[in-house]
Amino acid sequence: MTDPYNSAPSGSTDETRTTSYTPPVEPRTSWSGQGWPQQTPPHWFEPLPGQQQPPKRRGSSVAVLFVVALIASVVGSGLTYMAMSATNRANLAANAPATPSPLLGPSATPGQATDDDPSAVTRAAEAVSPAVVTITVREGEATDPFSLPETGVGSGLIYDSNGWVLTNRHVVADATVVTVEMNDGQRLEGSVYGVDTLTDLAIVKIEGSDLPSAPIGDSSTLQPGQTAIAIGSPLGTFTNSVTSGVISATGRQLSVTDPVTNERRSLRNLIQTDAAINPGNSGGPLVDETGSVIGVSTAFAEGAQGIFFAIPINIAKPIMRQAIAGEELTRPWIGIVYVAVDRNLATENDLPIDYGAWISPETANGAPPIVEGSPAQDAGLMPGDIVTAIDGRRIDASQGLDDVLSLYGPGDMLTLSVLRDGETIEVEVTLGTRPAGLD
């Protein structure tokens, strides 16, 4: 089967308080941890490689980049939002064809602008800014007449003209009242449709039709040095601010503290850019020089200059389509415990190749590496198999198995290339829905 998004994953942050800005509202100082019905399980798709120890594998330490994610619970921590093109509705709402084209709007024609074009940033900002919104959230109701409810301000992106807005999960976490302010100053009541706890993304719905929406690009083609433009409301005050820079790198991984559960988790495949992303930009769009949305602004590195991060738009596309179709936000699941293969692992365990995802016969807790009743078992995967590719896309250090899976949804049928007993075989797998409560 061909890639349902015609894109490869491009491709995560630790949150601490930001004290450099004091807004003219009462701060949001706590998160109750309450969720919404449309919520994905708070875990990644398959067990992380570090959760399973293969035989004879030596432990290793990984330096974790400590970052400050832009959360709405911080005093006036601005959170920003992105916008996408109304012309993308057909691509998002319809079932994905076997080989769909990237979700691009009319103003996102490849080659329309180049990095050498001095007016490219201006044109890109003009194309996207009408679809960038400012979101004000309120947590709880004030019982003291002399106090204000805890509030926060962020940003978002209208990606469908019927009022579908993409933003960060941490922007709307625990919100009881959501107000969306359009570029023209119009204010609309919003509701949190669902959150994706795996990637810090969320969908907000506002009532309306023929709303401005932004073109959606293809984050799989990003290259370091390419123009990057961030649009949003830094500090929650300076709405529709535009900053520009370049793509510094792709495939970054960050460790974050979840603002709702206070638990540590990883965000992966992030875009690194030096386009300034300040508190208030979270949830806003990262745009390329053609005016296509390529990412969702998410975090910045503490104690550094010019190190900012965004979630690639391709990772958001599955849940964007699910929302338009009225479906619950879900993520896919195969049902295996695997270890990412590298040169050291291959040498230590006499594996024939130094890449792929190895379904090691031994797991950390002694449980079978293939979950009973899972899609992997139904497809005939076996302990000892090495998954080397998904739909022809190689699984290696630059794109792990779970990273590739993030581009698909439950029910999609994939072709896995599997190395078994020295021979490569093709295995058809229909993805399931990741069960809640998985570790």
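Every value quoted in this text rests on a predicted model; they were computed, and no experiment measured them. (Residues numbered from 1 in each chain as written. Predicted model: local features only at pLDDT ≥ 70, side-chain atom pairs only at ≥ 80, totals over all residues. Heavy atoms only, no water.)

1. A few points about the overall build of the protein
Cut-off, in case you're wondering: Helical segments are the DSSP runs of H or I of at least four residues, strand segments are the runs of E of at least two, and each set is numbered from the N terminus. Between buried and exposed lies partly exposed: a residue is buried under 20% and exposed over 50% of the maximum accessible area for its type, with that area taken using a 1.4 Å probe on protein chains only. Surface accessibility follows the Shrake-Rupley procedure with a 1.4 Å probe radius. Residue values consider only the protein chains on display as shielding.
A count of helices and strands for the protein gives seven helices and 21 strands. Relative to its 439 residues, the protein shows a buried fraction of 57%. For the protein, the exposed area adds up to about 17300 Å²; of that, 50% sits on carbon and sulfur atoms.

2. Details of the pattern of salt bridges
Here is the rule: Within this document, salt bridges are pairs made up of a side-chain nitrogen of Lys or Arg and a carboxyl oxygen of Asp or Glu, the two lying within 4 Å of each other.
Counted according to the given criterion, the structure contains five salt bridges. Between Asp 196 and Arg 331 there is a salt bridge, and its shortest N-O distance comes to 2.6 Å. Taken as a pair, Asp 196 in strand β6 (residues 187-196) and Arg 331 in the loop between α4 (313-324) and β14 (332-333) lie far apart in primary sequence, 135 residues in all. Arg 420 serves as the salt-bridge partner of Asp 385, at 2.8 Å between the closest nitrogen and oxygen. A residue pair is termed long-range when its members are at least 10 positions apart, and Asp 385 in the loop between α6 (375-379) and β17 (386-390) and Arg 420 in strand β19 (residues 413-420) qualify at 35 residues.

3. Concerning the nonpolar core
Nonpolar side chains in soluble globular proteins generally cluster together in the buried interior. Convention followed: Definition of nonpolar core: a set of buried residues of the types Ala, Val, Leu, Ile, Met, Phe, Trp, Tyr and Cys, connected through side-chain atoms within 4.5 Å.
Ranked by internal contacts, the top residues of the largest apolar core, which has 74 residues, are Leu 166 and Leu 381. At seven residues, the largest contribution of residues to this core is made by α4. Core analysis: the next-biggest nonpolar cluster, separate from the first, contains twelve residues, Ile 277, Leu 286, Phe 300 and Ala 310 among them.

4. Focus: the pairing of strand β8 (residues 227-232)
Keep this limit in mind: Strands were regarded as paired on the criterion that DSSP finds at least two bridges between them.
For β8, the buried fraction is high: six of the six residues fall into the buried class. Burial of β8 is two-sided: the residues Thr 227, Ile 229 and Ile 231 facing one way and the residues Ala 228, Ala 230 and Gly 232 facing the other way are all buried. Here β8 pairs with strand β9 (residues 241-257) via six bridges, running antiparallel. By the bridge assignment for β9, Ile 231 is matched with Val 242. Pairing analysis gives two bridges linking β8 to strand β11 (residues 285-287), with the strands arranged antiparallel. When the sheet's bridge partners are listed, Ala 230 is paired in β11 with Leu 286.

5. A few points about the pairing of β17
Where burial is concerned, most of β17 is hidden: five out of the five residues are buried. The sheet contact formed by strand β16 (residues 357-358) and β17 spans two bridges and is antiparallel. Its bridge partner being in β17, Trp 358 is matched across the sheet by Ile 386. Two elements, β17 and β19, share four bridges in a ladder whose sense is antiparallel. Each bridged residue has a counterpart across the sheet, and for Ala 389 the counterpart in β19 is Ser 417. The pairing of β17 with strand β18 (residues 393-394) spans two bridges and is classified as antiparallel. What sits directly across from Ile 390, in β18, is Arg 393.

6. Describing the environment of Glu 126
When you line up the elements, Glu 126 lands in helix α2 (residues 120-128). For the pair Glu 126 and Gly 291, spaced 165 residues apart in sequence, the C-alpha to C-alpha distance is 8.2 Å.

7. What about the confidence of the model for the protein?
The cut-off we apply is this: Per-residue confidence from the predictor is reported as pLDDT, a score between 0 and 100. It only takes one pair of heavy atoms within 4.5 Å for two residues to be counted as in contact.
For the protein, mean pLDDT is 76; residues scoring 70 or higher make up 69% of the total. Note that residues 48-115 has pLDDT below 50 and, in this model, 277 contacts with residues that lie over four places away or in other chains. Counted against residues more than four places away or in other chains, residues 142-149, with its pLDDT under 50, gives eight contacts.

8. So, α4
Here is the rule we go by: Expected helix span is taken as 1.5 Å per residue step, with the number of steps being one fewer than the number of residues.
In this model, α4 (twelve residues) spans 16 Å end to end at C-alpha, consistent with the 16 Å of a helix rising 1.5 Å per residue. Burial analysis of α4 places twelve of its twelve residues in the buried class, the great majority of the element. Turning to α4, its buried residues are Ile 313, Asn 314, Ile 315, Ala 316, Lys 317, Pro 318, Ile 319, Met 320, Arg 321, Gln 322, Ala 323 and Ile 324. Of the residues flanking the end of α4, it is Gly 326, one or two places downstream, whose phi is positive at about 75°.

9. Let's talk about the packing of aromatic side chains
The following threshold applies: Only centres within 6.5 Å qualify two rings of Phe, Tyr or Trp (six-membered ring in Trp) as a pair; their planes then separate them into stacked at under 30 degrees, edge-to-face at over 60, and tilted for everything else. Ring-over charges, as used throughout, are those where CZ of Arg or NZ of Lys falls within 6 Å of the ring centre and within 35 degrees of the ring normal.
Counted under the stated rule, the structure contains one aromatic pair. When the ring centre of Trp 164 is taken as origin, the NZ or CZ atom of Lys 205, which lies over that ring, is 5.3 Å away. A cation sits over an aromatic face here: Arg 394 above Tyr 355, 3.7 Å from the ring centre.

10. Observations regarding α2
To be explicit about the condition: Taken from the helix axis, the directions to the C-beta atoms give the arc we talk about.
Considered for burial, the residues of α2 that qualify are Ala 120, Ala 124, Ala 125 and Val 128. When α2 is viewed along its axis, its buried side chains cluster within an angular range of 125° and face the same direction. Looking at the buried side of α2, the elements it contacts are β2 (132-139), β8, β9 and β11.

11. Digging into unusual backbone geometry
Note: most residues except glycine have negative phi, and most peptide bonds are trans. One non-glycine residue, Asp 174, lies in the positive phi region at around 65°. Summarising the element assignment, Asp 174 is placed in the loop between α3 (169-172) and β5 (177-181). We classify Asp 174 as buried; its relative accessible area is 7%. The phi angle at Asn 269 is positive, at roughly 60°, despite the residue not being glycine.

12. Overview of the environment of Ala 340
Secondary-structure assignment places Ala 340 in strand β15 (residues 339-340). With relative accessibility at 33%, the residue Ala 340 sits in the partly exposed group. Once the C-alpha coordinates of Ala 340 and Ala 357 are considered, the two residues, 17 residues apart in sequence, prove to be 4.7 Å apart.

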